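# Descriptive structure summary
The chain contents come next:
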Amino acid sequence: MHIRLLTDRDIPDALRLSTQAGWNQTEADWRRSIEVCGGLAFAGWVDDRVVATATIARFGDIGWVGMVLVDESNRGEGLGGAIFKHAVSSASQAGIKILGLDASDMGRPVYLKQGFVDHSQLIRWVGTARNAYSTNTRLVCAEDLTAICELDRSVSGVDRRDLLVSLATQGRVIGSDAIDGFGFFRAGRTASCIGPVVARSDDQARQLIESLLGDCDPAHPVLIDLPEGSSVVPQGFAVQRRLTRMVRPAINGKLLTDVHFYAGAGFEWG
């Protein structure tokens, strides 16, 4: 397998792989991943076919592993391991000091062998959109971006400006004199997604989530990734799957986990 950088020209092939796996990504999600990876998105080729992908979203010297996919006709050939190791090695060479990822129960033993350790637990919930009750939220505007990014960095522990700016066309903020919280939503291939959500209080987070549920397409289910034990699970939502948030090397500090970090951005972005 030949591995090279993933480019916009590869998006149709990458989308084919994620769709084949039953994942929710759209062309826009793949394009966003390439943009926030800073040269750490890769495609694996066999002959003239893209058969594998791996991405590492870059947030300063923090990297988030995602989109490790292999064409179903090539599984069992070691291609996933090969492109994963290539991505991780490239991240190290690029100055990435800490790597994170969200692992399924099946993937966790594989990542443990690669030096990753458990950091926290994440639960993906699924439910339906609904009319929003009256809240204190409003739609995001361009003037909010600096304050959003500053709040996010203080809470998440990483600089996610490129990702947040790309998501901010569909989002809401809360706060009167200052921005006390924000949340974004986007349309997926089969479901809408809410996240990230950051706020200074549970009540503000609930208001943001309820407002965002009102913004989502009622024709599709809604997904939201919340830390285990979250107090802001929307009414009527059910657990879809559980994941382990893992890091390499082990760290004592926060990494996309905090009392004010209410919802993740997606498994590929943390």
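Everything discussed here concerns the structure shown above.
This write-up is about the structure you can find in this document. Computed from a predicted model, the values in this text were never measured in an experiment.

Parameters at a glance
- Residues numbered from 1 in each chain as written.
- Predicted model: local features only at pLDDT ≥ 70, side-chain atom pairs only at ≥ 80, totals over all residues.
- Heavy atoms only, no water.
- Salt bridge = Lys/Arg side-chain N within 4 Å of Asp/Glu carboxyl O.
- Helix = DSSP H or I, 4+ residues; strand = E, 2+ residues; numbered from the N terminus.
- Buried < 20%, exposed > 50% of the residue type's maximum accessible area, 1.4 Å probe, protein only.
- 1 Å grid on protein atoms, 1.4 Å probe; cavity = no way out; pocket = protein on both sides within 12 Å on 5 of 7 lines; lining within 4 Å.
- Points joined across faces, edges and corners; volume = space filled by probe spheres on them.
- Polar contact = N/O pair within 3.5 Å; in protein donor to acceptor, adjacent residues only side chain to side chain.
- Contact = heavy atoms within 4.5 Å.
- Axes fitted to C-alpha atoms, helices over the stretch in contact; angles between N-to-C directions.
- Parallel < 35°, antiparallel > 145°, perpendicular 65-115°, else oblique.
- Left-handed = near helix turned anticlockwise from the far one by under 90°.
- Core = buried A, V, L, I, M, F, W, Y, C linked by side-chain atoms within 4.5 Å.

### Remarks on the pattern of salt bridges
In this structure the tally under the stated criterion is 14 salt bridges. A salt bridge links Arg32 to Asp29, with the shortest nitrogen-to-oxygen separation between them at 3.1 Å. Here the residue Arg32 and the residue Asp29 both occupy positions in helix α2 (residues 27-37), the gap between them amounting to 3 residues, near one helical turn. Pair check on accessibility: Arg32 and Asp29 agree, each one buried. Because the salt bridges share partners, they merge into one network encompassing Arg16, Arg49 and Asp71.

### Side note on the environment of Pro196
Along the chain, Pro196 falls in strand β10 (residues 192-199). Judged by its relative accessible area of 0%, Pro196 falls in the buried class. Along the chain, Pro196 and Trp269 lie 73 residues apart, while their C-alpha atoms are 9.6 Å from each other.

### With respect to the layout of surface pockets
Considered as a void within the structure, the largest pocket measures approximately 1,100 Å³ in volume. In terms of lining, the largest pocket is formed by 36 residues, of which the most central are Trp23, Val68, Ser104, Tyr111 and Arg241. Counting only elements with at least two residues in the lining of the largest pocket, the list comes to β4 (62-70), α3 (79-93), β5 (98-103), α4 (108-113) and β12 (238-248). A total of 6 residues in the lining of the largest pocket trace back to one element, the largest contributor, which is β4.

### Let's talk about the side chain of Thr53
By the secondary structure assignment, Thr53 is in strand β3 (residues 49-59). One polar contact links the side chain of Thr53 to the main-chain carbonyl oxygen of Met67, over a distance of 2.8 Å. Among residues more than four places away in sequence, those in contact with Thr53 are Leu6, Ala14, Leu17, Trp30, Phe42, Met67, Val68, Leu69 and Ile83.

### What about the packing of helix α1 (residues 11-20) against α2?
Running from amino to carboxyl end, α1 crosses α2 at an angle of 115°, the nearest separation of the two axes being 9 Å. The angle between α1 and α2 places the two elements in the roughly perpendicular class. In terms of crossing hand, the pair formed by α1 and α2 is right-handed. Here Ile11, Ala14, Leu15 and Ser18 of α1 come into contact with α2, specifically with Glu27, Trp30, Arg31 and Ile34.

### Quick look at the nonpolar core
Buried together is how nonpolar side chains tend to be arranged in soluble globular proteins. Membership of the largest hydrophobic core comes to 36 residues, with the highest contact counts inside it found for Trp30, Leu99 and Leu101. Counting only elements with at least two residues in this core, the list comes to α1, α2, β2 (41-46), β3, β4, α3 and β5. Dropping the residues within four chain positions of it, Trp30 is found in contact with Leu6, Ile11, Ala14, Leu15, Ser18, Gln25, Thr53, Thr55, Met67 and Leu69. Val140, Leu145, Ile148 and Val247 belong to the second-largest nonpolar core, a separate cluster that totals 28 residues.

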